[in-house]
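# A structural walkthrough
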Amino acid sequence: MAITNGLCSLSDVKSAMNIFDSTDDSRLELAVEAASRMIEADCNRRFYQDSGVSARIFSALSGVLVLTDDISTTTGLIVKTDTGFDGTYGQTWTAADYQLEPLNGIVDGQPWPYTQIRAVESLTWPYSRTRAVVQVTARWGWSAVPTAVKQAAIIQSISVFKSVEAPFGALGLPDTGILRIRSGLHPSAAMLVAPYRRDAVLVA
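Residues numbered from 1 in each chain as written. Predicted model: local features only at pLDDT ≥ 70, side-chain atom pairs only at ≥ 80, totals over all residues. Heavy atoms only, no water.

Looking only at helices and strands, one finds four helices and 10 strands in the chain. For the chain, the sequential pattern of α-helices and β-strands runs α-α-β-β-β-β-β-β-β-β-α-β-β-α. Looking at the chain as a whole, 40% of its 204 residues are labelled buried. Long-range pairs, those at least 24 residues apart, make up 73% of the contacts in the chain with a sequence separation of at least 6. Only carbon and sulfur atoms are counted for the fraction: they give 52% of the accessible area of the chain, which is about 11100 Å². (Helix = DSSP H or I, 4+ residues; strand = E, 2+ residues; numbered from the N terminus. Buried < 20%, exposed > 50% of the residue type's maximum accessible area, 1.4 Å probe, protein only. Contact = heavy atoms within 4.5 Å. Areas by Shrake-Rupley, 256 points an atom, 1.4 Å probe, with all protein chains shown as cover.)

Next up, the structure:
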């Protein structure tokens, strides 16, 4: 099978495990894909980039701030609001009306997608308790998988691959005795992705 939107590659995992044949390639590819989705579920975000733009709607936190899903690039970005609260996004904002944050797409010196939009000129975000009134058309996701996330994916892929040797959740080892398989991410993988976890975004 081919890996779909893997956070690491088959060769990354095989290299880490010193595997030089293709006997287990199909199982390893399954492990990579499973591990990738586990990490994204844990982080509440996905680390691959959409092939094109699509529209999503969001609720404003206030008149000046809207939290969004990860926006990978400003190319194709369109921001609209539903000022009539009728489901029609008739007001299109210009780039001068808002500020994408984090500023410069950088967090702690690392490239980062944009995750919020701040109103900076005369316009403000409409606010409704019952309706999402901000529509953002963007290319969603991350433009590249962060190094720490890739390393976590390698570790988690190996953990998933090895888990078949412990079908009842425990693996007997001659040197260390019984090793119990943990639920969730491998501890090292969890540590690596911790800075990338985020809370759910308010949407309709």
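That covers the picture; the talk isn't over yet.
Further remarks concern the pattern of salt bridges. Scanning the model with the defined rule gives 10 salt bridges in all. The partner of D25 in a salt bridge is K14, with the nearest N and O atoms 3.0 Å apart. Highlighted residues: D25 in helix α2 (residues 25-43) and K14 in helix α1 (residues 10-16), separated in sequence by 11 residues. Assessed through its relative accessible area of 14%, K14 is described here as buried. Connected through shared salt-bridge partners, R45, D70 and R198 make up one network. (Salt bridge = Lys/Arg side-chain N within 4 Å of Asp/Glu carboxyl O.)

This next bit is on the nonpolar core. Burial of nonpolar side chains together is a common tendency in soluble globular proteins. L28, I39, F47 and Y196 are the most contacted members of the largest nonpolar core, which has 25 residues in total. Elements supplying a minimum of two residues to this core: α1, α2, α3 (147-162) and α4 (187-193). Considering each element in turn, this core owes the most residues, six residues, to α3. Of all hydrophobic cores here, the second largest spans 18 residues; its members include Y114, W125, V136 and A138. (Core = buried A, V, L, I, M, F, W, Y, C linked by side-chain atoms within 4.5 Å.)

Tallied over the entire structure, the rule returns seven aromatic pairs. Aromatic pair F47 and W142: ring centres 5.2 Å apart, planes at 55 degrees, arrangement tilted. In this pair, F47 is assigned in the loop between α2 and β1 (54-58) and W142 in the loop between β8 (134-140) and α3, connecting sequence segments 95 residues apart. The burial state of F47 is the same as that of W142; both residues are buried. With centroids separated by 5.0 Å and ring planes inclined at 65 degrees, the aromatic side chains of W112 and W142 adopt a geometry described as edge-to-face. Pair noted here: W112 is in the loop between β6 (110-111) and β7 (114-119) and W142 is in the loop between β8 and α3, with a separation of 30 residues, a long-range link. With a relative accessible area of 3%, W142 lands in the buried category. Ring-pair connections join several aromatic residues into one group, and the members of that group are F47, W112, W142 and Y196. (Phe/Tyr/Trp six-rings, centres within 6.5 Å; stacked < 30°, edge-to-face > 60°.)

A separate point is α2. Each α-helix winds once per 3.6 residues, and so residues spaced three or four apart point in a common direction. When the terminal C-alpha atoms of α2 are compared, their 27 Å separation across 19 residues agrees well with the 27 Å that a helix rising 1.5 Å per residue should span. Residues D25, L28, E29, A31, V32, A35, S36, I39, E40 and C43 constitute the buried set of α2. All buried residues of α2 fall inside an arc of 160 degrees around its axis, so they share one side. In α2, the exposed positions angled more than 90 degrees off the buried face are occupied by L30 and A41. If you follow the buried residues of α2, they end up packed against α1, α3 and α4. Directly beyond the C-terminal end of α2, a positive phi value near 60 degrees is found at N44. (Expected span 1.5 Å × (residues − 1). Arc of directions from axis to C-beta.)

Let's shift gears to the confidence of the model for the chain. Regions with low pLDDT carry predicted coordinates that are not meant to be interpreted in detail. For the chain, per-residue confidence averages 90 on the pLDDT scale, and 88% of positions sit at 70 or higher. At the level of individual helices and strands, the chain shows its lowest average pLDDT in strand β10 (residues 177-180), which scores 50, and its highest in β8, which scores 98. (pLDDT = per-residue confidence, 0-100.)

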